[in-house]
Amino acid sequence: MQGKKKNVIVGQSGGPTAAINSSLVGVYKTAIDRGADRVYGMLFGIQGLLEGKYVDLSEHIKNDLDIEILKRTPSSFLGSCRYKLPEIEENREVYKKIFRILEELEIDSFFYIGGNDSMDTIKKLSDYGTEVHSPIRFMGVPKTIDNDLDVTDHTPGYGSAAKYIASITKEIIRDGLVYDLESITIIEIMGRNAGWLAGAAALSNCEDCEGPDMIFLPEMDFDIEKFIEKVRNLQKIKKSIVIAVSEGIHLADGRYICELTETIDQTDSFGHKILTGAARYLAAKVIKEVGCKTRAIEFNTLQRCASHIVSRVDITEAFQVGGAAVKAAFEGETGKMIILKRISDDPYICVTDIFDINKIANVEKKVPREWINESGDYVTQQFINYVKPLIQSELTPIMTNGLPRHLTLKDE
Ligand code: F6P
């Protein structure tokens, strides 16, 4: 239609990663290169948009240097939310409001960078759009350190977090060897109900490091008594023991180990429990039962914001999925998410494709049983072969006064 504006809007949602802003840049740059009039960024995701909060991104990303810095900036540049849209039939007013805002901004395409909860948002918006015959296209751009999105080979953000986890685990193992004394270190790694991130600790096993002694993933039930027994057995053969546990490890009855601590129950709007404290709980148990020097180290948010040691493969793919989403939307696609399809491990070749959002939203992809060893306390070589290509190559930070430089939103 002549005179029709080609404006786009992009938002970031869910937990941040060190690569999410590279996807934002991928959307922004590709949209501009393909003739978008304006690229808006919603502040704090769909929740912020509902409150009328958005910016014109070209007022904040001014030149190629800004683009390069933003690719290297951790956390979500636009801010994020964990906001669950109501079911359409339960509250049409919310959808009317969102579409009114989008129409006022003359939006042609809407992009949401996020994990499985965020894809629920894309699914609902595209369903509503179809119902009211809206011409606006809705595309999901995958992201999550948890790597638990279905269909896609992996998610941008995972490779950089895995690289950080493997690197820091290697350093912790070195540190544990410093005294000629017995010590036990339990490291806690994010990932919710999937063990993709915790398994990445195995990558620290290389020519100059033997890697952690055990890795426990949430795909398997966790038995505290057996765990203590395994620790005692390890003590018979070595002094310094390093064990990686996923934040989501749980007992056979479903209770998370971290729930056995006295932390207050906290849940987000999708009903997910905030998981923290498994390592702390197990360290206290080890001290009581085994009685040697024991530390709990929770990687916590460090593993998702360590932009000084990102994987170049990850940052590049994060950019590509953003660009691919714009290309697909401008070619008429809607209600889809960009996926990564691995062609081969070695040489590592991966391409983008598009997939129906209905089959991805709200599904959690777990580590397959055959990628965990028989005794359930380590990952297999297949797992390692899968992750290794994703942590390759570096993207050096742009340094100012000895520190990595970040791009931040300037106040209006
Ligand atoms: O979904 C990514 C993630 O980092 C999970 O690994 C973790 O359990 C959760 O987010 C933490 O949530 P929040 O950012 O709300 O603390």
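Residues numbered from 1 in each chain as written. Predicted model: local features only at pLDDT ≥ 70, side-chain atom pairs only at ≥ 80, totals over all residues. Heavy atoms only, no water.

**Q** Would you mind going over the packing of aromatic side chains with me for this structure?
**A** In this description, an aromatic ring pair is defined by two values, namely the gap between the centres and the angle between the planes. Applying the stated criterion across every chain yields a total of 15 aromatic pairs. When the centroid spacing of 5.6 Å and the interplanar angle of 80 degrees are considered together, the rings of Tyr40 and Tyr54 count as edge-to-face. Residue Tyr40 is located in strand S2 (residues 39-42), and its partner Tyr54 is located in strand S3 (residues 54-56); the two are separated by 14 residues in the primary sequence. Among the aromatic residues, those joined into a cluster by ring pairs are Tyr95, Phe99, Phe110, Tyr112, Tyr128 and Phe138. The ring of Phe319 carries Lys71 above its face, with NZ or CZ at 5.4 Å from the centroid. (Phe/Tyr/Trp six-rings, centres within 6.5 Å; stacked < 30°, edge-to-face > 60°. Helix = DSSP H or I, 4+ residues; strand = E, 2+ residues; numbered from the N terminus. Lys NZ or Arg CZ within 6 Å of the ring centre and 35° of its normal.)

**Q** Sorry, what's going on with the nonpolar core here?
**A** Soluble globular proteins tend to bury their nonpolar side chains together. Counting residues in each nonpolar core, the largest one holds 40 residues, and the members touching the most others are Tyr158, Ile189, Trp196, Leu197, Ile215, Phe383 and Val387. Elements supplying a minimum of two residues to this core: helix H6 (158-176), strand S6 (183-189), helix H7 (196-199), strand S8 (240-246) and helix H12 (381-387). If one sorts the elements of this core by residue count, H6 sits on top with nine residues. Judged by nonpolar contacts, the second largest core, of 34 residues, contains Val25, Val55, Phe77 and Ala325. (Core = buried A, V, L, I, M, F, W, Y, C linked by side-chain atoms within 4.5 Å. Buried < 20%, exposed > 50% of the residue type's maximum accessible area, 1.4 Å probe, protein only.)

**Q** So what exactly am I meant to see when it comes to the layout of surface pockets here?
**A** If you roll a probe as big as a water molecule over the atoms, it shows you where there is empty space left. If you add up the space inside the largest pocket, you get close to 640 Å³. What lines the largest pocket is a set of 37 residues, and nearest its centre among them are Gly15, Arg82, Asp146, Arg192 and Arg304. Among the elements that line the lining of the largest pocket, the one with the most residues is helix H5 (residues 116-131), at four residues. Classifying every residue of the lining of the largest pocket gives nine nonpolar, 14 polar and 14 charged. (1 Å grid on protein atoms, 1.4 Å probe; cavity = no way out; pocket = protein on both sides within 12 Å on 5 of 7 lines; lining within 4 Å. Points joined across faces, edges and corners; volume = space filled by probe spheres on them. Nonpolar A, V, L, I, M, F, W, Y, C, P; charged D, E, K, R; others polar.)

**Q** Sorry, what's going on with the site of the ligand here?
**A** Taken together, Arg82, Ile145, Asp146, Met190, Gly191, Arg192, Glu247 and Arg304 make up the full set of residues adjacent to the ligand. Separating an oxygen atom of the ligand from a side-chain N or O atom of Glu247 is a distance of 2.6 Å. Notes on the ligand: free accessible area 400 Å², of which the protein chains cover 81%. Residues belonging to the shell around the ligand are distributed by class as follows: two nonpolar, one polar and five charged. (Near = heavy atom within 4 Å. Polar contact = N/O pair within 3.5 Å; in protein donor to acceptor, adjacent residues only side chain to side chain. Areas by Shrake-Rupley, 256 points an atom, 1.4 Å probe, with all protein chains shown as cover.)

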